[in-house]
Each structure stands twice: as C-alpha cells, then as structure tokens.
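# Working through the structure, step by step
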Amino acid sequence: MEKAEFVVVANRLPVDHATGEDGEPSWGRSPGGLVTALDPVMRQADGAWVGWVGKPDLDIEPFEIDGTHLVPVRLSAEDVELYYEGFSNDTIWPLYHDVISPPRYRRVWWEAYQRVNRRFADAAAEAAAVGAVVWVQDYQLQLVPQMLRESRPDLTIGYFHHIPFPAYGLFSQLPWRRQVLQGLLGADVIGFQRVADAGNFARAVRRQLRYDTKASGITVPNDDGTTRRALAKAFPISIDAASYIELARRADVRARADEIRASLGNPKQILLGVDRLDYTKGIRHRMKAYGELLDDGRLGVEDVTLVQVASPSRERVEAYVQLRDEIELMVGRVNGDHDTMDHTAIRYLHQNYPREEMVALYLAADVMLVTALRDGMNLVAKEYVAARVDNRGVLVLSEFAGASDELGSAIRINPHDIGGLKDAIMRAIEMPAAEQGRRMRALRRRVLDHTVEDWSRDFLDALDAFHEQEQSQ
Ligand code: G6P
C-alpha cells in the first residue's frame, strides 16, 4: 500500500465485519458517534484509517472501501477483554464520566492498554508517509501520540478526545495519571469537546507534571533539555447536518413518521430517548421522572408515550449488564402500572436502527429527552435538531452534555433534580407552537452553521497552523 499523507487512528474502523453467505467477509457501517462524525471527512481526503474491525482474532489485510484505505489492527480475545472492555471501558470511561460507576484500577488492564496502544502506534507509523498528518481519536488511544512522536518525529500529530476530561480531583485517582498525560502531550494539538475539558486537562498537567501552561499553550520539556509547545483547546464536534435534512425531507421518511405515530395509537404527545445503553446517559432518571408524572396523574397513558431506543453496547462489561437489568425492570414496572390494552407508557427498544428510521422517529417525536449525567457532546441532540426541518419539537437537554454549551435555546435541565426534570418535561409538552418555532430555529442555526466538516476543518487547520508556527521558531 502507498504511504498516506493523512492517517486517522481510532479504536474502531468505520465499518462492521460480517460474514456473507459465501463465507467471504462483508462490510457494513458501524455504529457510534465517532464513526458518523469522521465518515464525511475520510471520503474527501485520500487518507488511511487505522483501527480494529470490532471482533477478536481476525487477521485481515488492509483493504479499500469508498476510496479510503482501511488498515485493520488485530485484537485477540484477551486484548478485547483487558484493553477494550477492561482499561478503556471499565477504568477510563467511568473515571472520565465523573465516576458515575466506580472505575476499576487493574494492573493487568494497564499492561494490555500499553501493549495495544503500541500496536496502533506501530500500524499508524507504518501507514504514514514522511511528514504526514496523523489524527489520533479518543480515550482508547491516549498513549499513541507520545509513542508516535518517539518513533516518527517527522509527523504532525493531532489528538481529539471525544469524551469528557474530568476534574483534577477525580483524574488524580488514576494510578497511571502521569503516563496518560505524557501520552497525550505527544500530540501537537490536543482537542476537547468543551472549554472546561481543556481547562481540566491543563490543570492536571500543571499539578501532576509541573509544566507551564498559558492560555491554551503548554510548554513540554524534551529529553535533551530543550522544550516544545503543545496546544490544548476546545473543538466541539458536530454532525453531518445535510444528510439529516435530506432524510427529513424524503416523502417515505415522513410517511414512516406518521406510521410510527399511528402504530403507537396516535398519542397527543410522543416523547423520545435515543441512547447507547450506557449509565452515563441518565436513562433511569428520565424514566423515574416520566413514571412519576404518570403516577401523579399529570400525564395520562392515553395522551403520551415515551419511546426509548437503547442500542446494545459493551454487553460483556458488568456495569452494562447490571444497568440493562435495572432499566428493563423499570420499564416493566412503569408499563405494568400504566399500560392499557391500547396504549403503552414506554415503548422500549433494545435494538439498532438505520438512519432513515431514526430520522422518522425524530420527526414523530414532540419532545426529545437528552438527560445525560455526563456526556462529551451528545450527537443525538444535534441530530434531532437537524431533522426538525418543520421547526417543531422541543429539545430537553442536560447541562452535563457538551452540547449544552452550544444549544442554549433547548430547555436545559439538571437530570439529578427529578422534580425539576418533571417540570421541564411538562413545560416541553405544553410549549406553544410559536415558542417551539422560535427555539428550534435558533437551535438549527447553530447546528447547521457548525457541522462535522467545520469541526474537522477547524481542528486540522489549527493543527497545520500550529505545526508551521512551531517549525519556524
Ligand atoms: C463513544 C466513544 C467512541 C465509541 C462509541 C461507541 O461515542 O467516544 O469512541 O466508539 O462511544 O462505543 P464502542 O465501545 O462500541 O466503540
């Protein structure tokens, strides 16, 4: 394969592996905000994407799909257990989401994390041309920037952190906190979702490593006594808004929205939650508030239905197994108490759907509930807004989701305040059309003016400018 001038390194490749009837591998799109976000960028740039195919023990040669070179990194079943399920999703994920679930600090997981990060770094170094730009993605690969800088000082290295970066008091729990900070500081530009995340990172660097930080610049000492600079800054991610608008205008998708409404018994109001089944998403808080509104008689099951799509995620990690049980118990209770033969309180779907169906659901939903306890960005909030080409619908949005910084015209809530959440749901349900329109137009302006293409351009321009500036020093 020819060496690439632009390389993305992410835990996952932007495709899913399946075996066709003929026994040959076939490839479909893989789920997840990250994949959706980078897809348009990779189609345009003639780049290579280094990542895992999503299943253990598969040896697959590099291949090409839609003009992108894909470079699979092999993970054994043990790597998946220790690096992916263990350190990435049972240590870093809960720690970085404000310890909503207790993080587990296991030394064998850390060993595996280092080993697998090295494998990704080696694959990226192999794929990259001299002087190439390499863009490392997310918390599974925090050591890759430094590893790459050591093996390939010719590269320009960017890193984007899609999830929150926690406050210092929490981050400092991590037994390997210094190594993780050093790993990230291998990048020229380290991007975060929120200004607060970049601030938390800079503070951790000051407190742990005693490096100087000034505005978004960090002075990093080299081994030879000289120094270099790195930039830590917010670049809020977005969505491919045009594709949602296009779907929302399609006659078949609109017809499907009507059909969904009818199949729920034509309730006056449809509330919607769309999440990966994850403890960070506040699904229980949402159901608690909604269940109480039904108990109190402020809502009636004839008039309202909550559709909750919870897509399966990380199903072998214990905290996720437990959460699923808790949610399904709650759904059963609420429905058992309130359903009639014709109407259901919660239509719960533990499934994945194609984008067409999601847009039809967005169009059918009068109120979108995003009640995350902590979330890097939450692209669902932006997808809902983009899909509402009719300027209708109300977004209820947690202030603990990154999207809250940009989407000030949503009804913003604290999901821990169940009383406040109940009032916000009622306010959303009762909101007059004129106010819905005014708010939705303001939300749409932001989402349409700042798409995922703007995000990647802003990041890559900043990376380029910063590198140039450093070279000329
Ligand atoms: C979040 C993370 C991504 C991850 C996605 C799906 O959006 O920021 O890095 O890919 O969740 O999770 P999974 O563990 O299935 O890759």
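Residues numbered from 1 in each chain as written. Predicted model: local features only at pLDDT ≥ 70, side-chain atom pairs only at ≥ 80, totals over all residues.

## So, the packing of helix 12 (residues 355–364) against helix 13 (residues 379–387)
Across the interface, helix 12 lies against helix 13 with an axial gap of 9 Å and an inter-helix angle of 70°. The angle between helix 12 and helix 13 falls in the class roughly perpendicular. Across the interface between the two elements, Val359, Tyr362 and Leu363 from helix 12 touch Glu383, Tyr384 and Ala387 from helix 13. (Axes fitted to C-alpha atoms, helices over the stretch in contact; angles between N-to-C directions. Helix = DSSP H or I, 4+ residues; strand = E, 2+ residues; numbered from the N terminus. Parallel < 35°, antiparallel > 145°, perpendicular 65-115°, else oblique. Contact = placed C-beta atoms within 7 Å.)

## Considering the sheet that holds strand 8 (residues 156–160)
A sheet is described by the order of its strands in space; here 10 strands give the open sequence 5-6-4-1-7-8-9-12-11-10, paired in mixed fashion. One side of each edge strand has no neighbouring strand; the edge strands of this open sheet are strand 5 (63–65) and strand 10 (213–214). As defined by bridge partners, strand 4 (residues 48–52) adjoins strand 6 (residues 68–72) across 4 bridges and the pair is classed as parallel. Residue Gly51 lies in a different strand from strand 6, and its bridge partner there is Pro72. Relative to strand 12 (residues 227–234), helix 7 (residues 195–209) is tilted by about 150°, and along the sheet it contacts strand 9 (189–192), strand 10, strand 11 (217–221) and strand 12. On the sheet, helix 16 (residues 452–471) packs against strand 7 (128–137), strand 8, strand 9 and strand 12 and is oriented at approximately 140° with respect to strand 8. (Pairing = 2+ DSSP bridges.)

## Details of unusual backbone geometry
The phi torsion at Ala215 lies on the positive side, around 50°, for a residue other than glycine. Along the chain, the position of Ala215 falls in the loop between strand 10 and strand 11. Here Ala215 falls in the exposed class, since 9 other C-beta atoms lie within 10 Å of it. The backbone phi angle of Asn391 is positive, close to 55°, even though this residue is not glycine. Locating Asn391 in the fold gives a position in the loop between helix 13 and strand 17 (394–398). (Buried ≥ 20, exposed ≤ 12 C-beta atoms within 10 Å, placed from the backbone.)

## A word on the sheet that holds strand 15 (residues 346–349)
Strand order across the open sheet formed by 6 strands is 15-14-13-16-17-18, with parallel pairing between neighbours. Pairing within the sheet leaves two strands with one partner each, and these edge strands are strand 15 and strand 18 (411–413). If you compare each strand with its neighbour and ignore which way they point, the axes differ by 20° on average. Inspection of the sheet shows strand 16 (residues 367–370) paired to strand 17 by 4 bridges, in the parallel sense.

## Some words on the pairing of strand 14 (residues 304–311)
The element strand 14 is largely enclosed, with a buried count of 7 among its 8 residues. As paired elements, strand 13 (residues 269–276) and strand 14 share 8 bridges and run parallel to each other. When the bridges of strand 14 are listed, Gly273 appears paired with Gln308. Handedness of the crossover joining strand 13 and strand 14 through helix 10 (residues 283–296): right-handed. (Right-handed = clockwise from strand over helix to strand, strands pointing away.)

## Observations regarding the pairing of strand 1 (residues 4–12)
Burial of strand 1 is extensive: 8 of the 9 residues sit out of reach of the surface. Of the pairings in the sheet, the one linking strand 1 to strand 7 comprises 5 bridges and is parallel in character. The residue bridging Val7 from the neighbouring strand is Val134, located in strand 7. Of the pairings in the sheet, the one linking strand 1 to strand 4 comprises 4 bridges and is parallel in character. Bridging from a neighbouring strand, Arg12 pairs with Trp52 of strand 4.

## Section: the nonpolar core
Judged by nonpolar contacts, the single largest core of 153 residues is most densely connected at Val7, Val9, Val50, Ala124, Val134, Leu395 and Val396. When we break this core down by domain, the ones giving at least three residues each are domain 1 (4–237 + 453–472) and domain 2 (241–450). (Core = buried A, V, L, I, M, F, W, Y, C linked by C-beta atoms within 7 Å. Domains from an automatic or database assignment.)

## Quick notes on helix 2 (residues 77–96)
Helix length check: helix 2 (20 residues) gives 25 Å between terminal C-alpha atoms against 28 Å at 1.5 Å per residue, more than 12% under. At Gly86, helix 2 is bent by approximately 35°, the largest bend along its length. Burial analysis of helix 2 places 16 of its 20 residues in the buried class, which makes it a mostly covered element. (Expected span 1.5 Å × (residues − 1). Bend = angle between axes of the 7 residues up to and from the residue.)

## Notes on the domain arrangement of the protein
A common way to report how large an interface is uses the accessible area buried once the components associate. Domain annotation of the protein identifies domain 1 (4–237 + 453–472) and domain 2 (241–450). Put simply, the middle of domain 1 and the middle of domain 2, counted by C-alpha atoms, are 30 Å apart. Tallying the contact residues gives 18 residues for domain 1 and 17 residues for domain 2. Of all elements in the fold, only helix 1 (33–44) and helix 2 reach the threshold of two or more residues within the side of domain 1 that touches domain 2. By residue class, the composition of the side of domain 1 that touches domain 2 is 6 nonpolar, 7 polar and 5 charged. (Nonpolar A, V, L, I, M, F, W, Y, C, P; charged D, E, K, R; others polar.)

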